[in-house]
Amino acid sequence: MSLPKRGGVANALVETQEAEIDGTRYVFPGAGNVTPKAEPGPVIFTLKTLPHPHFTRRGADLVYPVRVPLCSALTGTTLQIKSLDNRTLSVPVTQIVQSGSTTTLAGEGMPLPGGGKGDLEVAFDVVFPAALSQAQRTLVKSAFFLPKNLTEAQKNAVDAFTKAFSHDSEGWSTGFAV
């Protein structure tokens, strides 16, 4: 590679591969400064990747932090994650998640030098509500104390509650995906 000088400043284009990592060095022997009494030394470029606004790189793996409301952490949701290659990944969350828990999507990370890809790790941060009304506290508590085997009266009460909650025009879930 030659480094053409323009106004005392050398310009160079260094092509990198997708799988390159921070600290990868590119050495161009004899491309350094020319002095009358010495041979030109090498020019050395060290790769430094720029931070991404959503993903963190850990080798060939990517980490995607996601904030999940408490309700979704307990009852499930589907995350829509836009990948680095502009695909939308639908990630169903069907188990209860806690802050600090992760789920791994194999082969959705960075390309590996020998082929294949690293993994994408989704890291959960559960967001709690700042406050609850007394009615909300009672409803949350009641969900945790609901017996496994319901009596007929309890089944009827749960059915009536579910119908009221999910009612198309008057239910309080109107406008929300439940």
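In this text the structure is predicted, and so the values were computed from the model without any measurement.

S.K.: I would appreciate a short explanation of the packing of aromatic side chains in the present structure.
M.R.: To describe a pair of aromatic rings, one takes the distance between the centres and the angle between the planes. Within the structure shown, the criterion is met by 3 aromatic pairs. With centroids separated by 5.2 Å and ring planes inclined at 45°, the aromatic side chains of Phe 55 and Tyr 64 adopt a geometry described as tilted. Judged by its relative accessible area of 16%, Tyr 64 falls in the buried class. Ring geometry for Phe 161 against Phe 165: centres 6.2 Å apart, planes inclined by 5°, an arrangement best described as stacked. One end of the pair is Phe 161 and the other is Phe 165, both in helix 3 (residues 152–166) and 4 residues apart, which spans about a single turn. Looking at Phe 161, the relative accessible area reads 38%, which means it is partly exposed.

S.K.: What am I meant to see in a nonpolar patch on the surface here?
M.R.: On the surface, Leu 74, Ile 96, Leu 132, Val 140, Phe 144 and Phe 145 cluster together to form a nonpolar patch covering roughly 630 Å² of accessible area. Relative to the elements of secondary structure, Val 140 occurs in helix 2 (residues 134–144). On the basis of relative accessible area, Val 140 is assigned to the partly exposed category, the value being 40%.

S.K.: Hey, could you run me through the nonpolar core in this one?
M.R.: Considering soluble globular proteins, one finds that nonpolar side chains tend to be buried as a cluster. One finds Val 66, Leu 79, Ile 81 and Phe 124 to be the most contacted residues of the largest nonpolar core, which totals 17 residues. For this core, the secondary structure elements donating two or more residues are strand 6 (61–69), strand 7 (77–82), strand 8 (88–93) and strand 10 (120–127). Those residues in contact with Phe 124, other than ones at most four positions away along the chain, are Val 66, Val 68, Leu 79, Val 93, Val 97, Gln 98, Ser 99, Gly 100, Ser 101, Thr 102 and Thr 103.

S.K.: Honestly, unusual backbone geometry in this entry has me stumped. Any pointers?
M.R.: Trans peptide bonds make up the majority, and among non-glycine residues the majority have a negative phi. Backbone geometry places Asn 86, a non-glycine residue, at a positive phi of 65°. You can see Asn 86 is positioned in the loop between strand 7 and strand 8.

S.K.: Quick question: what am I supposed to make of the pattern of salt bridges here?
M.R.: Once their charged atoms are close, side chains differing in charge can pair, the charge on each being opposite to the other. According to the stated counting rule, one finds 5 salt bridges in the structure shown. Between Arg 67 and Asp 125 there is a salt bridge whose closest N-O contact spans 3.4 Å. Of the two residues, Arg 67 is situated in strand 6 and Asp 125 in strand 10; the sequence distance between them amounts to 58 residues. For Arg 67, a relative accessible area of 59% translates into the label exposed. When the shortest N-O distance is used, the salt bridge between Lys 117 and Asp 85 registers 3.9 Å. Of this pair, Lys 117 sits in the loop between strand 9 (102–105) and strand 10 while Asp 85 sits in the loop between strand 7 and strand 8, and the two are 32 residues apart along the sequence. Overall, the relative accessible area of 37% leaves Lys 117 in the partly exposed class. Asp 85 sits in the partly exposed class, given a relative accessible area of 40%. A single salt-bridge network, built from bridges that share partners, covers Asp 85, Arg 87, Glu 108 and Lys 117.

Cut-offs used in this document
Residues numbered from 1 in each chain as written. Predicted model: local features only at pLDDT ≥ 70, side-chain atom pairs only at ≥ 80, totals over all residues. Heavy atoms only, no water. Phe/Tyr/Trp six-rings, centres within 6.5 Å; stacked < 30°, edge-to-face > 60°. Buried < 20%, exposed > 50% of the residue type's maximum accessible area, 1.4 Å probe, protein only. Helix = DSSP H or I, 4+ residues; strand = E, 2+ residues; numbered from the N terminus. Patch = residues over 30% accessible without salt bridge, like charges linked within 9 Å, V, L, I, M, F, W, Y side chains within 5 Å. Areas by Shrake-Rupley, 256 points an atom, 1.4 Å probe, with all protein chains shown as cover. Salt bridge = Lys/Arg side-chain N within 4 Å of Asp/Glu carboxyl O. Core = buried A, V, L, I, M, F, W, Y, C linked by side-chain atoms within 4.5 Å. Contact = heavy atoms within 4.5 Å.

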